[in-house]
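Descriptive analysis of the structure
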Amino acid sequence: MESINSASLHAIDLLFSGDLELWNIIGISFSVSLRAILFAAPIAILLAFIMAYHRFAGRRVLIYIFNTLLSVPAVVIGLTLYILLSRSGPLGNLKLLFTQDAMIIGQIIISLPLILIMSHTTFQASDRRIWETARTLGASRAQAMLTVMHEIRFGLLAALIAGFGRIIAEVGCSMMVGGNILNHTRNIPTAIALETSKGAFSQGIALGLVLLVMAMFLNLSLSLLQGRGEMI
Amino acid sequence: MKPYSLTFHNIQKKFNQRTLFSIPELVIESGKCVLLTGINGSGKSTLLKIIAGLEKPCQEAPNHTTIIHEGKRLDWKSAYKEIHKEIIYLHQTPLMFDATVSDNITYGMRKQGFDRNTIKEKLNIALQWADLEQVKMNNARQLSGGEKQRVALARAYVLSPNILLLDEAFSNMDTEGRKRTFEQICKLKDEGIGIILTSHELTQTSTLTEEHINLENGELRTVQHHDNIKLYPLNHDALPLRQINS
(Lines give C-alpha, C1' and ligand atoms only; values in the text may rest on other atoms or scores of the structure.)
Protein backbone atom coordinates (compact mmCIF):
# COMPACT_ATOMS: atom_id res chain seq x y z
CA MET A 1 0.00 0.00 0.00
CA GLU A 2 1.38 3.36 -1.00
CA SER A 3 1.83 6.14 1.53
CA ILE A 4 -0.63 9.02 1.20
CA ASN A 5 2.15 11.41 0.17
CA SER A 6 3.57 9.25 -2.59
CA ALA A 7 0.06 8.29 -3.76
CA SER A 8 -0.91 11.97 -3.98
CA LEU A 9 2.25 12.86 -5.90
CA HIS A 10 1.66 9.94 -8.24
CA ALA A 11 -1.95 11.06 -8.67
CA ILE A 12 -0.91 14.56 -9.73
CA ASP A 13 1.65 13.03 -12.08
CA LEU A 14 -1.05 10.82 -13.61
CA LEU A 15 -3.32 13.80 -14.18
CA PHE A 16 -0.72 16.06 -15.76
CA SER A 17 1.08 13.38 -17.76
CA GLY A 18 -2.14 12.78 -19.67
CA ASP A 19 -2.62 9.15 -18.56
CA LEU A 20 -4.92 7.79 -21.26
CA GLU A 21 -6.84 5.37 -19.02
CA LEU A 22 -7.47 8.04 -16.41
CA TRP A 23 -8.64 10.67 -18.88
CA ASN A 24 -10.81 8.09 -20.60
CA ILE A 25 -12.60 7.47 -17.30
CA ILE A 26 -13.05 11.24 -16.83
CA GLY A 27 -14.35 11.54 -20.40
CA ILE A 28 -16.91 8.73 -19.91
CA SER A 29 -18.08 10.30 -16.66
CA PHE A 30 -18.71 13.72 -18.19
CA SER A 31 -20.18 12.33 -21.41
CA VAL A 32 -22.70 10.11 -19.58
CA SER A 33 -23.73 12.75 -17.02
CA LEU A 34 -24.01 15.57 -19.55
CA ARG A 35 -26.20 13.44 -21.81
CA ALA A 36 -28.36 12.50 -18.81
CA ILE A 37 -28.80 16.18 -17.88
CA LEU A 38 -29.59 17.01 -21.50
CA PHE A 39 -32.48 14.53 -21.44
CA ALA A 40 -33.67 15.22 -17.88
CA ALA A 41 -33.58 19.04 -17.93
CA PRO A 42 -36.24 19.81 -20.59
CA ILE A 43 -38.68 17.28 -19.11
CA ALA A 44 -38.07 18.45 -15.54
CA ILE A 45 -38.32 22.16 -16.37
CA LEU A 46 -41.46 21.73 -18.47
CA LEU A 47 -43.16 19.68 -15.74
CA ALA A 48 -42.04 22.19 -13.10
CA PHE A 49 -43.52 25.04 -15.13
CA ILE A 50 -46.84 23.23 -15.61
CA MET A 51 -47.02 22.38 -11.92
CA ALA A 52 -46.24 25.97 -10.89
CA TYR A 53 -48.39 27.85 -13.40
CA HIS A 54 -51.42 25.60 -13.76
CA ARG A 55 -53.91 24.31 -11.26
CA PHE A 56 -55.05 20.76 -12.05
CA ALA A 57 -56.28 17.75 -10.14
CA GLY A 58 -53.43 15.67 -8.72
CA ARG A 59 -50.91 18.52 -8.78
CA ARG A 60 -50.12 18.19 -5.08
CA VAL A 61 -49.82 14.41 -5.39
CA LEU A 62 -47.28 14.87 -8.19
CA ILE A 63 -45.23 17.30 -6.07
CA TYR A 64 -45.35 14.79 -3.21
CA ILE A 65 -44.20 11.94 -5.50
CA PHE A 66 -41.27 13.95 -6.87
CA ASN A 67 -40.29 15.06 -3.37
CA THR A 68 -40.24 11.38 -2.36
CA LEU A 69 -38.17 10.40 -5.42
CA LEU A 70 -35.70 13.10 -4.39
CA SER A 71 -34.71 11.11 -1.35
CA VAL A 72 -34.59 7.65 -2.93
CA PRO A 73 -30.96 6.39 -2.71
CA ALA A 74 -29.17 6.00 -6.05
CA VAL A 75 -28.43 2.39 -5.27
CA VAL A 76 -32.16 1.63 -4.97
CA ILE A 77 -32.75 3.22 -8.37
CA GLY A 78 -29.83 1.14 -9.67
CA LEU A 79 -31.32 -2.03 -8.22
CA THR A 80 -34.76 -1.34 -9.73
CA LEU A 81 -33.24 -0.56 -13.09
CA TYR A 82 -31.03 -3.66 -12.89
CA ILE A 83 -34.09 -5.85 -12.31
CA LEU A 84 -35.94 -4.20 -15.19
CA LEU A 85 -33.02 -4.40 -17.63
CA SER A 86 -31.60 -7.80 -16.67
CA ARG A 87 -32.04 -10.60 -19.21
CA SER A 88 -35.04 -12.07 -17.40
CA GLY A 89 -36.52 -8.62 -16.62
CA PRO A 90 -39.41 -6.98 -18.48
CA LEU A 91 -37.03 -4.76 -20.48
CA GLY A 92 -34.33 -7.43 -20.91
CA ASN A 93 -34.80 -7.68 -24.66
CA LEU A 94 -33.54 -4.10 -25.04
CA LYS A 95 -30.08 -5.42 -24.04
CA LEU A 96 -29.20 -2.22 -22.24
CA LEU A 97 -27.67 -3.64 -19.09
CA PHE A 98 -23.97 -2.76 -18.66
CA THR A 99 -24.10 -0.07 -21.31
CA GLN A 100 -23.69 3.70 -21.13
CA ASP A 101 -27.36 4.02 -22.13
CA ALA A 102 -28.38 2.19 -18.96
CA MET A 103 -26.17 4.54 -16.92
CA ILE A 104 -27.79 7.52 -18.66
CA ILE A 105 -31.30 6.19 -17.88
CA GLY A 106 -30.31 5.72 -14.24
CA GLN A 107 -28.83 9.19 -14.00
CA ILE A 108 -31.92 10.72 -15.64
CA ILE A 109 -34.09 9.06 -12.96
CA ILE A 110 -31.77 10.34 -10.22
CA SER A 111 -31.42 13.92 -11.48
CA LEU A 112 -34.95 14.56 -12.77
CA PRO A 113 -36.71 14.93 -9.38
CA LEU A 114 -33.97 17.23 -8.07
CA ILE A 115 -34.05 19.50 -11.14
CA LEU A 116 -37.85 19.42 -11.14
CA ILE A 117 -38.31 20.33 -7.48
CA MET A 118 -35.69 23.10 -7.60
CA SER A 119 -37.12 24.50 -10.85
CA HIS A 120 -40.64 24.28 -9.43
CA THR A 121 -39.60 26.34 -6.41
CA THR A 122 -37.97 28.88 -8.74
CA PHE A 123 -41.09 29.11 -10.92
CA GLN A 124 -43.31 29.43 -7.83
CA ALA A 125 -41.20 32.30 -6.56
CA SER A 126 -41.12 34.07 -9.93
CA ASP A 127 -43.01 37.31 -10.46
CA ARG A 128 -46.41 36.53 -12.05
CA ARG A 129 -46.25 39.85 -13.86
CA ILE A 130 -43.61 38.33 -16.20
CA TRP A 131 -46.18 35.85 -17.55
CA GLU A 132 -48.99 38.42 -17.60
CA THR A 133 -46.87 41.07 -19.35
CA ALA A 134 -45.67 38.58 -21.96
CA ARG A 135 -49.21 37.33 -22.63
CA THR A 136 -50.80 40.78 -22.78
CA LEU A 137 -48.13 41.86 -25.29
CA GLY A 138 -49.24 39.06 -27.58
CA ALA A 139 -46.80 36.26 -26.75
CA SER A 140 -48.15 32.75 -27.19
CA ARG A 141 -48.18 30.44 -24.16
CA ALA A 142 -44.93 28.80 -25.28
CA GLN A 143 -43.27 32.17 -25.92
CA ALA A 144 -44.44 33.47 -22.55
CA MET A 145 -43.05 30.34 -20.86
CA LEU A 146 -39.67 30.91 -22.52
CA THR A 147 -39.77 34.54 -21.38
CA VAL A 148 -40.44 33.45 -17.78
CA MET A 149 -37.57 30.95 -18.07
CA HIS A 150 -35.26 33.66 -19.37
CA GLU A 151 -36.15 35.97 -16.51
CA ILE A 152 -35.48 33.29 -13.88
CA ARG A 153 -32.56 31.70 -15.75
CA PHE A 154 -30.17 31.92 -12.79
CA GLY A 155 -32.48 29.88 -10.58
CA LEU A 156 -32.97 27.30 -13.33
CA LEU A 157 -29.22 27.11 -13.97
CA ALA A 158 -28.71 26.51 -10.26
CA ALA A 159 -31.16 23.59 -10.51
CA LEU A 160 -29.22 22.15 -13.46
CA ILE A 161 -25.89 22.51 -11.69
CA ALA A 162 -27.27 20.80 -8.58
CA GLY A 163 -28.65 17.97 -10.74
CA PHE A 164 -25.34 17.55 -12.54
CA GLY A 165 -23.43 17.64 -9.26
CA ARG A 166 -25.58 14.84 -7.94
CA ILE A 167 -25.14 12.44 -10.87
CA ILE A 168 -21.47 13.04 -11.69
CA ALA A 169 -20.53 11.82 -8.21
CA GLU A 170 -23.13 9.05 -7.97
CA VAL A 171 -21.68 5.54 -7.60
CA GLY A 172 -24.46 3.10 -6.67
CA CYS A 173 -26.58 3.19 -9.80
CA SER A 174 -23.66 3.46 -12.26
CA MET A 175 -21.93 0.49 -10.65
CA MET A 176 -25.06 -1.69 -10.81
CA VAL A 177 -26.34 -0.91 -14.30
CA GLY A 178 -23.01 0.08 -15.90
CA GLY A 179 -20.93 -2.79 -14.57
CA ASN A 180 -17.73 -0.72 -14.24
CA ILE A 181 -16.28 -1.97 -17.56
CA LEU A 182 -12.97 -0.29 -18.43
CA ASN A 183 -13.12 2.12 -21.40
CA HIS A 184 -16.85 1.53 -21.66
CA THR A 185 -18.83 2.14 -18.49
CA ARG A 186 -16.17 2.92 -15.90
CA ASN A 187 -16.71 6.47 -14.67
CA ILE A 188 -15.03 8.52 -11.95
CA PRO A 189 -16.97 7.29 -8.88
CA THR A 190 -16.95 3.60 -9.90
CA ALA A 191 -13.23 3.78 -10.72
CA ILE A 192 -12.49 5.35 -7.34
CA ALA A 193 -14.42 2.55 -5.61
CA LEU A 194 -12.53 -0.11 -7.61
CA GLU A 195 -9.05 1.37 -7.18
CA THR A 196 -9.59 1.83 -3.45
CA SER A 197 -10.70 -1.79 -3.07
CA LYS A 198 -7.48 -2.83 -4.84
CA GLY A 199 -5.39 -0.62 -2.56
CA ALA A 200 -4.14 1.41 -5.54
CA PHE A 201 -4.79 4.89 -4.25
CA SER A 202 -3.01 7.00 -6.88
CA GLN A 203 -5.66 6.76 -9.55
CA GLY A 204 -8.41 7.08 -6.91
CA ILE A 205 -6.85 10.26 -5.53
CA ALA A 206 -6.36 11.68 -9.04
CA LEU A 207 -9.99 11.05 -9.89
CA GLY A 208 -11.05 12.36 -6.49
CA LEU A 209 -9.12 15.55 -7.24
CA VAL A 210 -11.01 15.95 -10.51
CA LEU A 211 -14.32 15.57 -8.66
CA LEU A 212 -13.15 17.97 -5.97
CA VAL A 213 -12.10 20.63 -8.49
CA MET A 214 -15.35 20.15 -10.35
CA ALA A 215 -17.38 20.43 -7.12
CA MET A 216 -15.54 23.64 -6.25
CA PHE A 217 -16.15 25.00 -9.74
CA LEU A 218 -19.85 24.10 -9.65
CA ASN A 219 -20.33 25.59 -6.20
CA LEU A 220 -18.51 28.75 -7.18
CA SER A 221 -20.65 29.07 -10.32
CA LEU A 222 -23.76 28.40 -8.25
CA SER A 223 -23.00 31.08 -5.67
CA LEU A 224 -22.05 33.55 -8.40
CA LEU A 225 -25.30 32.84 -10.22
CA GLN A 226 -27.36 33.08 -7.05
CA GLY A 227 -25.68 36.38 -6.26
CA ARG A 228 -26.53 37.62 -9.74
CA GLY A 229 -30.09 36.41 -9.29
CA GLU A 230 -30.47 38.45 -6.14
CA MET A 231 -29.22 41.56 -7.86
CA ILE A 232 -31.95 41.60 -10.48
CA MET B 1 -58.59 53.99 -36.28
CA LYS B 2 -62.04 52.60 -37.04
CA PRO B 3 -64.66 52.64 -34.25
CA TYR B 4 -64.34 49.59 -32.06
CA SER B 5 -66.39 48.29 -29.19
CA LEU B 6 -66.54 45.28 -26.95
CA THR B 7 -69.56 44.36 -24.86
CA PHE B 8 -69.08 42.01 -21.93
CA HIS B 9 -72.06 40.23 -20.40
CA ASN B 10 -72.10 38.52 -17.03
CA ILE B 11 -68.64 39.14 -15.66
CA GLN B 12 -68.59 37.41 -12.35
CA LYS B 13 -65.67 36.58 -10.07
CA LYS B 14 -65.76 34.46 -6.95
CA PHE B 15 -63.07 33.65 -4.43
CA ASN B 16 -63.84 30.73 -2.15
CA GLN B 17 -67.60 31.02 -2.73
CA ARG B 18 -67.50 34.76 -1.97
CA THR B 19 -68.58 36.83 -4.93
CA LEU B 20 -66.05 39.58 -5.53
CA PHE B 21 -68.18 41.23 -8.19
CA SER B 22 -70.98 40.49 -10.58
CA ILE B 23 -71.37 42.77 -13.58
CA PRO B 24 -74.33 42.20 -15.94
CA GLU B 25 -72.94 44.32 -18.76
CA LEU B 26 -69.86 46.39 -19.53
CA VAL B 27 -69.26 48.25 -22.79
CA ILE B 28 -65.80 49.41 -23.82
CA GLU B 29 -65.46 51.74 -26.81
CA SER B 30 -62.49 53.05 -28.73
CA GLY B 31 -61.49 56.67 -28.25
CA LYS B 32 -63.20 56.84 -24.89
CA CYS B 33 -61.45 57.07 -21.55
CA VAL B 34 -63.21 55.58 -18.56
CA LEU B 35 -62.12 56.04 -14.96
CA LEU B 36 -62.66 53.00 -12.76
CA THR B 37 -62.58 53.60 -9.03
CA GLY B 38 -63.23 51.49 -5.99
CA ILE B 39 -61.79 50.88 -2.58
CA ASN B 40 -58.78 48.59 -2.14
CA GLY B 41 -59.84 44.97 -2.57
CA SER B 42 -62.98 45.84 -4.49
CA GLY B 43 -61.67 43.92 -7.51
CA LYS B 44 -60.59 46.69 -9.90
CA SER B 45 -57.37 44.94 -10.95
CA THR B 46 -59.14 41.58 -11.20
CA LEU B 47 -61.80 43.11 -13.43
CA LEU B 48 -59.17 44.65 -15.70
CA LYS B 49 -57.30 41.32 -15.87
CA ILE B 50 -60.51 39.51 -16.83
CA ILE B 51 -61.12 42.07 -19.59
CA ALA B 52 -57.53 41.55 -20.77
CA GLY B 53 -57.96 37.77 -20.72
CA LEU B 54 -55.28 37.28 -18.07
CA GLU B 55 -57.69 35.93 -15.49
CA LYS B 56 -60.69 33.69 -15.92
CA PRO B 57 -64.12 34.93 -14.89
CA CYS B 58 -66.44 32.62 -13.01
CA GLN B 59 -67.91 30.30 -15.62
CA GLU B 60 -70.65 28.59 -13.65
CA ALA B 61 -73.80 27.92 -15.64
CA PRO B 62 -75.99 29.82 -16.42
CA ASN B 63 -73.71 32.80 -15.82
CA HIS B 64 -71.18 32.29 -18.59
CA THR B 65 -69.35 35.42 -19.55
CA THR B 66 -70.05 36.29 -23.15
CA ILE B 67 -68.44 38.97 -25.29
CA ILE B 68 -69.94 40.72 -28.28
CA HIS B 69 -67.12 41.38 -30.72
CA GLU B 70 -67.76 42.71 -34.23
CA GLY B 71 -71.41 41.73 -33.97
CA LYS B 72 -70.68 38.15 -32.89
CA ARG B 73 -71.52 36.84 -29.44
CA LEU B 74 -68.66 34.65 -28.22
CA ASP B 75 -67.94 32.88 -24.98
CA TRP B 76 -65.00 34.19 -22.95
CA LYS B 77 -62.55 31.47 -23.99
CA SER B 78 -63.11 31.62 -27.73
CA ALA B 79 -63.38 35.42 -27.66
CA TYR B 80 -59.87 35.68 -26.28
CA LYS B 81 -58.39 33.70 -29.10
CA GLU B 82 -59.60 36.52 -31.36
CA ILE B 83 -59.26 39.61 -29.21
CA HIS B 84 -56.38 39.08 -26.80
CA LYS B 85 -53.98 40.96 -29.07
CA GLU B 86 -56.33 43.93 -29.20
CA ILE B 87 -56.36 44.55 -25.45
CA ILE B 88 -53.27 45.41 -23.41
CA TYR B 89 -53.14 45.52 -19.64
CA LEU B 90 -50.53 47.60 -17.83
CA HIS B 91 -49.64 46.72 -14.24
CA GLN B 92 -49.63 49.24 -11.43
CA THR B 93 -45.86 48.74 -11.21
CA PRO B 94 -44.79 47.86 -14.74
CA LEU B 95 -42.69 44.75 -15.16
CA MET B 96 -39.53 45.39 -17.10
CA PHE B 97 -37.87 42.41 -18.74
CA ASP B 98 -34.17 42.01 -17.94
CA ALA B 99 -33.13 43.64 -21.22
CA THR B 100 -32.55 47.04 -22.77
CA VAL B 101 -35.29 49.64 -23.14
CA SER B 102 -35.32 48.97 -26.92
CA ASP B 103 -35.69 45.22 -26.41
CA ASN B 104 -38.54 45.82 -23.97
CA ILE B 105 -40.35 48.06 -26.45
CA THR B 106 -39.93 45.60 -29.33
CA TYR B 107 -40.86 42.52 -27.25
CA GLY B 108 -44.49 42.34 -28.35
CA MET B 109 -43.66 43.01 -32.00
CA ARG B 110 -41.02 40.27 -32.04
CA LYS B 111 -43.39 37.76 -30.45
CA GLN B 112 -46.16 38.65 -32.87
CA GLY B 113 -43.86 38.18 -35.84
CA PHE B 114 -43.58 41.74 -37.15
CA ASP B 115 -40.93 42.10 -39.84
CA ARG B 116 -37.54 43.64 -38.99
CA ASN B 117 -38.08 46.91 -40.83
CA THR B 118 -41.45 47.53 -39.19
CA ILE B 119 -39.94 46.77 -35.78
CA LYS B 120 -37.08 49.22 -36.38
CA GLU B 121 -39.40 51.90 -37.68
CA LYS B 122 -41.93 51.55 -34.87
CA LEU B 123 -39.15 51.43 -32.26
CA ASN B 124 -37.74 54.76 -33.43
CA ILE B 125 -41.19 56.35 -33.42
CA ALA B 126 -41.93 54.95 -29.93
CA LEU B 127 -38.58 56.08 -28.48
CA GLN B 128 -39.29 59.59 -29.71
CA TRP B 129 -42.93 59.44 -28.64
CA ALA B 130 -42.04 58.43 -25.10
CA ASP B 131 -38.88 60.56 -24.95
CA LEU B 132 -36.71 57.54 -24.23
CA GLU B 133 -34.02 57.98 -26.88
CA GLN B 134 -31.36 58.86 -24.30
CA VAL B 135 -31.87 55.62 -22.38
CA LYS B 136 -32.68 53.23 -25.22
CA MET B 137 -29.65 51.01 -24.57
CA ASN B 138 -29.96 51.08 -20.76
CA ASN B 139 -31.24 48.06 -18.87
CA ALA B 140 -34.93 48.81 -18.35
CA ARG B 141 -34.77 47.60 -14.75
CA GLN B 142 -32.38 50.40 -13.84
CA LEU B 143 -34.87 53.13 -14.81
CA SER B 144 -36.92 55.34 -12.49
CA GLY B 145 -40.59 54.58 -11.83
CA GLY B 146 -41.75 57.27 -14.28
CA GLU B 147 -39.40 56.07 -17.02
CA LYS B 148 -40.56 52.48 -16.52
CA GLN B 149 -44.16 53.61 -16.92
CA ARG B 150 -43.19 55.38 -20.16
CA VAL B 151 -41.46 52.22 -21.43
CA ALA B 152 -44.59 50.22 -20.57
CA LEU B 153 -46.79 52.71 -22.45
CA ALA B 154 -44.41 52.74 -25.43
CA ARG B 155 -44.37 48.92 -25.39
CA ALA B 156 -48.15 48.98 -25.69
CA TYR B 157 -48.23 51.92 -28.14
CA VAL B 158 -46.15 50.10 -30.80
CA LEU B 159 -48.71 47.30 -30.90
CA SER B 160 -51.58 49.72 -31.70
CA PRO B 161 -54.12 48.07 -29.40
CA ASN B 162 -57.81 48.95 -29.52
CA ILE B 163 -58.19 48.88 -25.75
CA LEU B 164 -55.67 49.84 -23.09
CA LEU B 165 -56.22 48.96 -19.43
CA LEU B 166 -54.14 51.05 -17.03
CA ASP B 167 -53.97 49.91 -13.44
CA GLU B 168 -53.05 52.84 -11.19
CA ALA B 169 -50.93 54.41 -13.90
CA PHE B 170 -50.11 57.46 -11.77
CA SER B 171 -49.04 55.74 -8.58
CA ASN B 172 -45.46 55.73 -7.26
CA MET B 173 -44.47 58.71 -9.39
CA ASP B 174 -43.26 62.24 -8.82
CA THR B 175 -45.12 65.27 -10.21
CA GLU B 176 -43.02 65.38 -13.40
CA GLY B 177 -43.55 61.64 -13.97
CA ARG B 178 -47.30 62.01 -13.51
CA LYS B 179 -47.41 64.94 -15.92
CA ARG B 180 -45.55 63.00 -18.61
CA THR B 181 -47.64 59.85 -18.13
CA PHE B 182 -50.78 61.97 -18.30
CA GLU B 183 -49.63 63.52 -21.59
CA GLN B 184 -48.86 60.10 -23.04
CA ILE B 185 -52.28 58.75 -22.08
CA CYS B 186 -53.89 61.81 -23.71
CA LYS B 187 -51.97 61.06 -26.93
CA LEU B 188 -53.09 57.43 -26.85
CA LYS B 189 -56.69 58.51 -26.41
CA ASP B 190 -56.36 60.98 -29.29
CA GLU B 191 -55.24 58.10 -31.48
CA GLY B 192 -58.58 56.45 -30.85
CA ILE B 193 -57.55 53.87 -28.28
CA GLY B 194 -60.23 53.01 -25.72
CA ILE B 195 -58.84 53.36 -22.21
CA ILE B 196 -59.97 52.17 -18.82
CA LEU B 197 -57.84 53.47 -16.02
CA THR B 198 -57.98 52.97 -12.31
CA SER B 199 -56.74 55.83 -10.20
CA HIS B 200 -57.18 57.57 -6.89
CA GLU B 201 -56.23 60.87 -8.57
CA LEU B 202 -59.76 62.05 -9.33
CA THR B 203 -58.76 65.67 -9.96
CA GLN B 204 -55.96 64.81 -12.37
CA THR B 205 -57.97 62.30 -14.35
CA SER B 206 -61.19 64.33 -14.55
CA THR B 207 -59.98 66.21 -17.64
CA LEU B 208 -58.97 62.94 -19.30
CA THR B 209 -61.98 60.75 -18.68
CA GLU B 210 -65.46 60.95 -20.17
CA GLU B 211 -66.99 58.49 -17.80
CA HIS B 212 -66.46 57.49 -14.20
CA ILE B 213 -67.49 54.05 -12.99
CA ASN B 214 -67.22 52.81 -9.45
CA LEU B 215 -66.88 49.23 -8.27
CA GLU B 216 -68.42 48.92 -4.86
CA ASN B 217 -69.82 45.94 -2.97
CA GLY B 218 -69.47 43.85 -6.11
CA GLU B 219 -71.54 46.16 -8.31
CA LEU B 220 -70.40 48.49 -11.04
CA ARG B 221 -72.10 51.88 -11.03
CA THR B 222 -71.75 54.99 -13.11
CA VAL B 223 -70.76 58.09 -11.17
CA GLN B 224 -72.19 61.31 -12.55
CA HIS B 225 -71.00 63.43 -9.67
CA HIS B 226 -68.92 62.23 -6.80
CA ASP B 227 -71.93 62.03 -4.55
CA ASN B 228 -74.31 60.68 -7.17
CA ILE B 229 -73.71 57.04 -8.02
CA LYS B 230 -76.05 55.22 -10.39
CA LEU B 231 -76.12 51.59 -11.39
CA TYR B 232 -73.99 50.77 -14.45
CA PRO B 233 -74.93 50.65 -17.27
CA LEU B 234 -77.43 53.46 -17.34
CA ASN B 235 -80.76 52.61 -19.02
CA HIS B 236 -79.87 48.98 -18.72
CA ASP B 237 -82.93 46.79 -18.68
CA ALA B 238 -81.79 43.68 -20.55
CA LEU B 239 -80.33 41.93 -17.56
CA PRO B 240 -81.22 42.16 -13.89
CA LEU B 241 -78.39 43.31 -11.70
CA ARG B 242 -77.04 40.37 -9.78
CA GLN B 243 -77.10 40.66 -6.06
CA ILE B 244 -74.00 39.99 -4.07
CA ASN B 245 -73.91 36.69 -2.26
CA SER B 246 -71.33 37.60 0.29
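Moving on to the overall build of chain B. Tallying secondary structure elements over chain B gives seven helices and 11 strands in all. With 246 residues in all, chain B has 54% of them scored as buried. In chain B, 66% of the contacts between residues at least 6 apart in sequence involve partners at least 24 apart. Approximately 11,600 Å² of chain B is accessible, and the part contributed by carbon and sulfur atoms is 46%.

This next bit is on the sheet that holds strand β5 (residues 72-75) of chain B. Within a beta sheet, neighbouring strands are joined by backbone hydrogen bonds and run either parallel or antiparallel to one another. Residues and elements named next belong to chain B. What the four strands build is an open sheet, ordered β2-β1-β4-β5; its pairing is antiparallel. At either margin of the open sheet sits one strand with a lone partner, and together these are β2 (18-29) and β5. Within the sheet, the average angular offset between the axes of one strand and its neighbour, ignoring direction, is 20 degrees. In terms of strand pairing, strand β1 (residues 5-15) meets strand β4 (residues 66-69) through four bridges, oriented antiparallel. Counterpart to Leu 6 in the pairing with β4 is His 69.

Moving on, we come to the environment of B:Arg178. All names here are of chain B. If you trace the backbone, Arg 178 turns up in helix α6 (residues 175-190). Judged by its relative accessible area of 23%, Arg 178 falls in the partly exposed class. Remark: the alpha-carbon pair of Arg 178 and Gln 149, spanning 29 residues in sequence, is separated by 9.6 Å. Polar contacts involving the side chain of Arg 178 include one to the main-chain carbonyl oxygen of Phe 170, which spans 3.5 Å.

Turning our eyes to something else, we now look at the pairing of strand β8 (residues 194-198) of chain B. Residues and elements named next belong to chain B. β8 sits mainly inside the fold: five of its five residues count as buried. The alternating pattern of β8 places Gly 194, Ile 196 and Thr 198 on one face and Ile 195 and Leu 197 on the opposite face, and all of these are buried. In this sheet, β8 lies alongside strand β3 (residues 33-37) in parallel orientation, the contact comprising four bridges. When the sheet's bridge partners are listed, Val 34 is paired in β8 with Ile 196. One ladder, built from five bridges, connects strand β7 (residues 163-167) with β8; its direction is parallel. Each residue of the ladder has a partner; that of Ile 163, found in β8, is Gly 194. A crossover connection joins β7 to the parallel β8 through α6; in handedness this β-α-β unit is right-handed.

Right, let's get into the pattern of salt bridges. A complete count under the given rule lists 13 salt bridges over all chains for this structure. The salt bridge partner of A:Arg129 is A:Asp127, with a shortest N-O separation of 2.6 Å. Under the relative-accessibility criterion, A:Asp127 is labelled partly exposed at 30%. As a salt-bridge pair, B:Glu55 and B:Lys13 come within 3.7 Å of each other at their nearest N and O atoms. One end of the pair, B:Glu55, is in the loop between α1 (44-52) and β4; the other, B:Lys13, is in strand β1, and 42 residues separate them in sequence.

With that settled, consider the packing of aromatic side chains. In this structure the tally under the stated criterion is 11 aromatic pairs over all chains. Taken together, a centroid distance of 5.7 Å and an interplanar angle of 50 degrees make the contact between A:Phe49 and A:Trp131 tilted. Taken as a pair, A:Phe49 in helix α2 (residues 20-53) and A:Trp131 in helix α6 (residues 128-136) lie far apart in primary sequence, 82 residues in all. Comparing A:Phe49 with A:Trp131 shows no difference in burial state: the two are buried. Aromatic pair B:Phe97 and B:Tyr107: ring centres 4.5 Å apart, planes at 35 degrees, arrangement tilted. Of this pair, B:Phe97 sits in the loop between β6 (87-90) and α3 (101-111) while B:Tyr107 sits in helix α3, and the two are 10 residues apart along the sequence. An aromatic cluster of three or more residues is present, and its members are A:Phe49, A:Tyr53, A:Phe123 and A:Trp131.

Let's shift gears to unusual backbone geometry. For residues besides glycine, phi is generally negative; the peptide bonds are generally trans as well. Its identity is not glycine, yet A:Asn180 carries a phi of approximately 60 degrees, on the positive side. Take A:Asn180: its relative accessible area is 10%, and that puts it in the buried class. Notably, B:Ser160 is not glycine yet its phi reads approximately 45 degrees, a positive angle. By the secondary structure assignment, B:Ser160 is in the loop between α5 (145-157) and β7. Accessibility expressed as a relative area gives 41% for B:Ser160, which makes it partly exposed.

Every contact between the two is made by 21 residues of chain B and, on the other side, 19 residues of chain A. Between chain B and chain A, roughly 1,700 Å² of surface is buried when both sides are summed, and carbon and sulfur atoms account for 53% of that area. Taken together, the links from chain B to chain A amount to three salt bridges. Taking the shortest distance from any N to any O, the salt bridge between B:Lys49 and A:Glu132 comes out at 3.2 Å. On inspection of chain B and its partner chain A, the count reaches 10 residue pairs in polar contact (both at pLDDT 80 or more).

Attention shifts here to the confidence of the model for chain B. All names here are of chain B. Chain-level statistics for chain B give a pLDDT mean of 85 and a share of 89% at 70 or above. When pLDDT is averaged over each element of chain B, α3 comes out on top at 97 and strand β11 (residues 228-231) at the bottom at 44. Counting interchain partners and residues more than four positions distant, the pLDDT-below-50 stretch residues 226-246 has 49 contacts. The complex prediction reports pTM at 0.87, with the ipTM value standing at 0.87.

Basis of the calculations
- Residues numbered from 1 in each chain as written.
- Chains lettered and ligands numbered in written order.
- Predicted model: local features only at pLDDT ≥ 70, side-chain atom pairs only at ≥ 80, totals over all residues.
- Heavy atoms only, no water.
- Helix = DSSP H or I, 4+ residues; strand = E, 2+ residues; numbered from the N terminus.
- Buried < 20%, exposed > 50% of the residue type's maximum accessible area, 1.4 Å probe, protein only.
- Contact = heavy atoms within 4.5 Å.
- Areas by Shrake-Rupley, 256 points an atom, 1.4 Å probe, with all protein chains shown as cover.
- Pairing = 2+ DSSP bridges.
- Axes fitted to C-alpha atoms, helices over the stretch in contact; angles between N-to-C directions.
- Polar contact = N/O pair within 3.5 Å; in protein donor to acceptor, adjacent residues only side chain to side chain.
- Right-handed = clockwise from strand over helix to strand, strands pointing away.
- Salt bridge = Lys/Arg side-chain N within 4 Å of Asp/Glu carboxyl O.
- Phe/Tyr/Trp six-rings, centres within 6.5 Å; stacked < 30°, edge-to-face > 60°.
- Buried area = accessible area lost by both parts, 1.4 Å probe.
- pLDDT = per-residue confidence, 0-100.

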